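Architecture and fold: a report
If you want the building blocks of each chain, they are given just below.
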Amino acid sequence: MTNCRHCQMNKILQLLDENQEYENMALVIWLDSCEPAPNADLFADDLPEPQVIYSLGFILRSEDRFITIAGSHKPPTQGKDDHTWDYVTTIPKCSIQSIHHMEDPREQELQDN
């Protein structure tokens with residue numbers, strides 16, 4: 001990672017709630033259903049297959065049957081506790097092929113110094 005990218009990542013991490021566990025960031029690879037067009041008449045040769053999806057973001061919730069992941073976080077404004085999450089997807093665990101937890105780049109910075 002270049003210094004410029006490293007600085008940008010640190011700025012993003014500073015915007016996050018300091019109590020946010022960075023270990024909750026992950027790449028989730030999962031299998032989604034697929035429909036080529038709503039209520040479409042299809043020939044046998046045109047039948048779709050499930051689609052592999054790569055979702056990268058914050059794991060907000062993990063239950064026995066599903067996880068909820070968000071692609072973006074909007075920090076609080078003007079000192080208020082009004083942060084929000086965007087691009088939120090709930091994924092059934094039976095559809096998940098793998099979860100790869102991301103390393104905290106702040107840990108690397110400590111090792112580099």
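Preceding this section is the structure that the text describes.
Described in the following lines is the structure provided in the data block. Here the structure is a predicted model, which means the values were calculated and not measured.

1. Remarks on the overall build of the chain
The helix and strand tally for the chain stands at 2 helices and 5 strands. Overall, the chain shows an N-to-C arrangement of helices and strands of α-β-β-β-β-β-α. When burial is assessed residue by residue, the chain has 23% of its 113 residues classed as buried. The long-range fraction of contacts in the chain, counting pairs at least 24 apart against all pairs at least 6 apart in sequence, stands at 58%.

2. Side note on the side chain of S55
With respect to the element layout, S55 can be found in strand β2 (residues 51–62). Exposure remark for S55: the relative accessible area of 14% places this residue in the buried category. Of note is the side chain of S55, whose polar atom sits 2.9 Å from the side chain of W30. Ignoring any residue separated from it by four or fewer positions in sequence, one finds S55 in contact with A26, L27, V28, W30 and I69.

3. Looking at a nonpolar patch on the surface
Side chains of L31, V52 and Y54 sit close together on the surface and give an oily, nonpolar patch of about 290 Å² of accessible area. Relative to the elements of secondary structure, Y54 occurs in strand β2.

4. Side note on the environment of G71
Turning to its location among the elements, G71 is positioned in strand β3 (residues 66–74). Take G71: its relative accessible area is 38%, and that puts it in the partly exposed class. In this structure the C-alpha to C-alpha distance between G71 and L56, which are 15 residues apart in sequence, comes to 6.3 Å.

5. A word on the sheet that holds β3
As summarised here, the arrangement of the 5 strands in space is β4-β3-β2-β1-β5, forming an open sheet in which the pairing is antiparallel. Sheet topology places β4 (84–92) and β5 (96–101) at the edges, where each strand pairs with a single neighbour. When strand polarity is set aside, the average angle formed by the axes of neighbouring strands in this sheet is 40°. Two strands pair when backbone bridges link them, and strand β1 (residues 25–32) and β5 are joined in this way by 5 bridges, in the antiparallel orientation. Along β5, the bridge assignment pairs L27 with H100.

6. So, the nonpolar core
In this structure, V28, W30, I53, I67, I69, I91 and I96 together form the largest nonpolar core, which totals 7 residues. Contributing elements (two or more residues each) for this core: β1 and β3. Setting aside residues no more than four positions away along its own chain, I96 makes contact with V28, I29, W30, I67 and I91.

7. Some points on the pattern of salt bridges
Under the counting rule described, the total for this entry stands at 2 salt bridges. A salt bridge links E63 to R61; the nearest nitrogen and oxygen atoms lie 3.1 Å apart. For E63, a relative accessible area of 33% translates into the label partly exposed. The exposure class assigned to R61 is partly exposed, which follows from its relative accessible area of 44%. Note that D86 and K74 form a salt bridge whose closest N and O atoms lie 3.2 Å from each other. Taken as a pair, D86 in strand β4 and K74 in strand β3 lie far apart in primary sequence, 12 residues in all. Accessibility expressed as a relative area gives 23% for D86, which makes it partly exposed.

Scoring rules and cut-offs
- Residues numbered from 1 in each chain as written.
- Predicted model: local features only at pLDDT ≥ 70, side-chain atom pairs only at ≥ 80, totals over all residues.
- Heavy atoms only, no water.
- Helix = DSSP H or I, 4+ residues; strand = E, 2+ residues; numbered from the N terminus.
- Buried < 20%, exposed > 50% of the residue type's maximum accessible area, 1.4 Å probe, protein only.
- Contact = heavy atoms within 4.5 Å.
- Polar contact = N/O pair within 3.5 Å; in protein donor to acceptor, adjacent residues only side chain to side chain.
- Patch = residues over 30% accessible without salt bridge, like charges linked within 9 Å, V, L, I, M, F, W, Y side chains within 5 Å.
- Areas by Shrake-Rupley, 256 points an atom, 1.4 Å probe, with all protein chains shown as cover.
- Salt bridge = Lys/Arg side-chain N within 4 Å of Asp/Glu carboxyl O.
- Pairing = 2+ DSSP bridges.
- Axes fitted to C-alpha atoms, helices over the stretch in contact; angles between N-to-C directions.
- Core = buried A, V, L, I, M, F, W, Y, C linked by side-chain atoms within 4.5 Å.

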